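Residue strings, one per chain:
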Amino acid sequence: MAPKKHNAFIMFVNDWRDSHPECQRPSFAEAVTRCGPIWEKMDAQQRGPYHAGAKKANFRVRRKKELLNCNGQLLAHVQNKDLEEAELQLEMKRITERIVIDGIKSHDVESVKHLFVIFNFFTKAITSDVYVPAEFSACAYSLKNGITSVYSSFIDPGHIIFGQGSDAQHHSSTTHNLPLPPNAMGEKNMVKLYRDIVDFLIRNSHNGGDGPLVVFTKREDIPMVRSCFRYLSCEDQDYLQGDEVQIEVLDIQYLLFIMKKEVLRMTGLPDDHINMFITDVFFQRDFFEFVPKIACQFHEDNDRAKYCTQSQVTRWAYNFSDFLCADLAIEVLPGKHVPAKAKTNFRITGANDNANASAHNTSNDSFYSLPGSRVKGESFTSVCTDSRHSVARGSYIPSNHTMFSGDGSANHVGRGVSLGAWNIPAHARSLKDVRDDEFDISGTGKSKRH
């Protein structure tokens, strides 16, 4: 209901009533009747103070009124919510930076364990941030040892949100393809499942469970992961004799950025060219997306390995190894740092093997970020050394390539052999001078040179 506006006549009536003693003060209706004739006989100068008072009163009312945004929401509440979200983001970044810097100060950053987690879900509530979980996976990872432990489980919540069966079916068919409740697979006991997850996180936490359990996931999935943890924990009220288990869900992409910056700074390499845009692009590129046999059997059989949570956390660990291990001269272990059958295009060498190499070869991409004194790339003469411009995305180049020469014959070449023009990006191919009369668009072959 809109507030009533003040007017000059009412201001005059109230002033007239206040001029009478309280015991003799007439009612408001009686005062209006008596003041009507008086107001009509007053000139503009006499009415002026009352008009000014009415304007001031209306202005004060407008100032007190809550402002709304274009969606009808209270502007103050929206601003407070944005401020709280900004403060939360800053706190998440501080925690991430503290973990990395503490590892560097202890000269053991490569042994610090990080927990990568992700959920798949069936559906989300329309009016709230409640997600119904369908699958969970977590892995413990360190730069030194790679993936040391993996936990994965399907989840059967027993039911989905009423009225959202169609949305759940569409989401499942376009992503993980898991059957919906009541035919869902996996653990039905939410209390047992939550306790198993918490026990796994405590055993593999960098602080041994002393303090909040810090886990990392993709930036856009943080609200979903938090909601799924709340969904599982809401039925377990007495776990650990009533002690509350606090799980901090942080941004894995910011972790990658901070680790890259700090590792380069620690090794004395330039880090000015590293920013969050570069590390985000590298992470989102997901070079290992199509690596076989890292997903669960269900998703392998249904050709949905990309959406398998077990595959996702494993690929994140491989991306970290691909981007950081060379900076610390850590030898990658198949199945731990990289896929079991991967063939790397680098080898770790001694500090004096290539002492004259300069740091200007530094790249923003994987296994090329060190000067030649620490990591020596294998000879690959026809391909640009920067892995952003290499034949394959990322660090792993197939052992053999097939290229076709100009006469149509196939040649098989290995590493260290020029590949000619086949399988080489346009910017890396050699150029030669040609004349317009060497081409014939009629299809009859080359025209004769003059």
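Residues numbered from 1 in each chain as written. Predicted model: local features only at pLDDT ≥ 70, side-chain atom pairs only at ≥ 80, totals over all residues. Heavy atoms only, no water.

1. Comments concerning the side chain of Asp156
Residue position: Asp156 is located in the loop between strand 3 (146-154) and helix 5 (165-174). Buried within the structure, Asp156 lacks any salt-bridge partner; its nearest side chain of opposite charge belongs to Lys188, at an N-O separation of 4.1 Å. Polar side-chain contacts of Asp156 include one of 3.0 Å to the backbone nitrogen of Gly158. Here Asp156 is in contact with Pro181, Ala184, Met185, Gly186, Glu187, Lys188 and Met190, once residues within four sequence places are set aside. (Helix = DSSP H or I, 4+ residues; strand = E, 2+ residues; numbered from the N terminus. Buried < 20%, exposed > 50% of the residue type's maximum accessible area, 1.4 Å probe, protein only. Lys, Arg positive; Asp, Glu negative; His and termini not counted. Salt bridge = Lys/Arg side-chain N within 4 Å of Asp/Glu carboxyl O. Polar contact = N/O pair within 3.5 Å; in protein donor to acceptor, adjacent residues only side chain to side chain. Contact = heavy atoms within 4.5 Å.)

2. Things to note about the packing of aromatic side chains
Evaluated as defined, the whole model comprises 19 aromatic pairs. Ring geometry for Phe116 and Phe320: centres 5.1 Å apart, planes at 40°, overall tilted. You can see Phe116 sitting in strand 1 (residues 114-124) and its partner Phe320 sitting in helix 11 (residues 309-324), a full 204 residues away along the chain. The residues Phe116 and Phe320 share a single accessibility class, namely buried. An angle of 55° between the planes, with centres 6.1 Å apart, marks the rings of Phe136 and Tyr151 as tilted. Placement of the pair is Phe136 in strand 2 (residues 131-142) and Tyr151 in strand 3, with a sequence separation of 15 residues. Like Tyr151, Phe136 is buried. By way of ring pairs, the aromatic residues Phe119, Phe136, Tyr151, Phe200 and Phe229 are connected into one cluster. The ring centre of Phe323 lies 4.2 Å from the NZ or CZ of Lys260, which sits over that ring. (Phe/Tyr/Trp six-rings, centres within 6.5 Å; stacked < 30°, edge-to-face > 60°. Lys NZ or Arg CZ within 6 Å of the ring centre and 35° of its normal.)

3. Digging into the packing of helix 4 (residues 75-105) against helix 8 (residues 252-266)
Orientation of helix 4 relative to helix 8, taken along the N-to-C sense of each, is 35°, at an axis distance of 10 Å. In this structure, helix 4 meets helix 8 at a crossing whose hand is right-handed. Only Tyr254, Leu255, Ile258, Met259, Glu262 and Met266 of helix 8 make contact with helix 4, whose side of the interface consists of Lys93, Thr96, Glu97, Val100 and Ile104. Looking at the contact of helix 4 with helix 8 residue by residue, the classes come out as seven nonpolar, one polar and three charged. (Axes fitted to C-alpha atoms, helices over the stretch in contact; angles between N-to-C directions. Left-handed = near helix turned anticlockwise from the far one by under 90°. Nonpolar A, V, L, I, M, F, W, Y, C, P; charged D, E, K, R; others polar.)

4. Thoughts on empty space enclosed by the protein
For the structure shown, the criterion picks out one cavity of 30 Å³ or more. Size it by volume and the largest cavity reaches roughly 40 Å³. If you go around the largest cavity, the residues you meet are Ile99, Lys113, His114, Leu115, Asn204, Ser205, His206, Val214 and Phe216. Contributing elements (two or more residues each) for the lining of the largest cavity: strand 1 and strand 4 (213-217). When grouped by side-chain class, the residues that make up the lining of the largest cavity number four nonpolar, four polar and one charged. (1 Å grid on protein atoms, 1.4 Å probe; cavity = no way out; pocket = protein on both sides within 12 Å on 5 of 7 lines; lining within 4 Å. Points joined across faces, edges and corners; volume = space filled by probe spheres on them.)

5. A short note on unusual backbone geometry
The omega torsion across Pro181 and Pro182 is 10°, close enough to zero to call that bond cis. For Pro182, the position within the fold is in the loop between helix 5 and helix 6 (190-204). A positive phi is found at Asn177, a non-glycine position, where the angle reads about 65°. In this structure, Asn177 sits in the loop between helix 5 and helix 6. Backbone geometry places Asp286, a non-glycine residue, at a positive phi of 50°.

6. Description of the environment of Met92
The topology assignment puts Met92 in helix 4. For the pair Met92 and Leu250, spaced 158 residues apart in the sequence, the C-alpha separation amounts to 5.9 Å. Excluding residues that lie within four positions of it along the chain, Met92 makes contacts with Ile222, Arg226, Val249, Leu250 and Asp251.

7. Let's talk about the environment of Asn183
Along the chain, Asn183 falls in the loop between helix 5 and helix 6. The spacing of Asn183 and Asp156 is 27 residues in sequence and 8.2 Å in space, taken between C-alpha atoms.

8. Things to note about the pairing of strand 1
The element strand 1 is extensively covered by neighbouring structure, given that 10 of its 11 residues are classed as buried. Relative to strand 2, strand 1 is paired through 10 bridges, and the arrangement is antiparallel. Opposite Phe121, over in strand 2, you have Pro133 as the bridge partner. (Pairing = 2+ DSSP bridges.)

9. With respect to the pattern of salt bridges
Applying the stated rule across the entire model yields 15 salt bridges. A salt bridge links Lys260 to Asp327; its shortest N-O distance comes to 2.7 Å. Linking Lys260 in helix 8 with Asp327 in the loop between helix 11 and strand 6 (346-348), this pair joins segments that are 67 residues apart in sequence. The burial state of Lys260 is the same as that of Asp327; both residues are buried.

10. Focus: the pairing of strand 2
Within strand 2, 12 of the 12 residues are buried, which leaves it mostly tucked inside the rest of the structure. Linking strand 1 to strand 2, which pair antiparallel, is a turn of six residues. Note that strand 2 and strand 3 share eight bridges and pair antiparallel. By the bridge assignment for strand 3, Glu135 is matched with Phe154.

11. Re helix 1 (residues 8-18)
When helix 1 is considered as a whole, its buried residues turn out to be Ala8, Phe12, Val13 and Trp16. Along the axis of helix 1, the buried positions cluster into a sector of 140°, meaning they face one direction only. Taking the backbone nitrogen of Phe9 as reference, a side-chain oxygen 3.1 Å away marks Asn7 as the first, capping residue of helix 1. (Arc of directions from axis to C-beta.)

12. Looking at the nonpolar core
Ranked by size, the top nonpolar core spans 88 residues in total, and within it Phe116, Phe119, Phe136, Leu201, Phe229, Ile247 and Phe320 carry the most contacts. Looking at which element gives the most residues to this core, the answer is helix 8, with nine residues. Core analysis: the second largest hydrophobic core is formed by nine residues, Phe12, Val13, Trp16 and Tyr50 among them. (Core = buried A, V, L, I, M, F, W, Y, C linked by side-chain atoms within 4.5 Å.)

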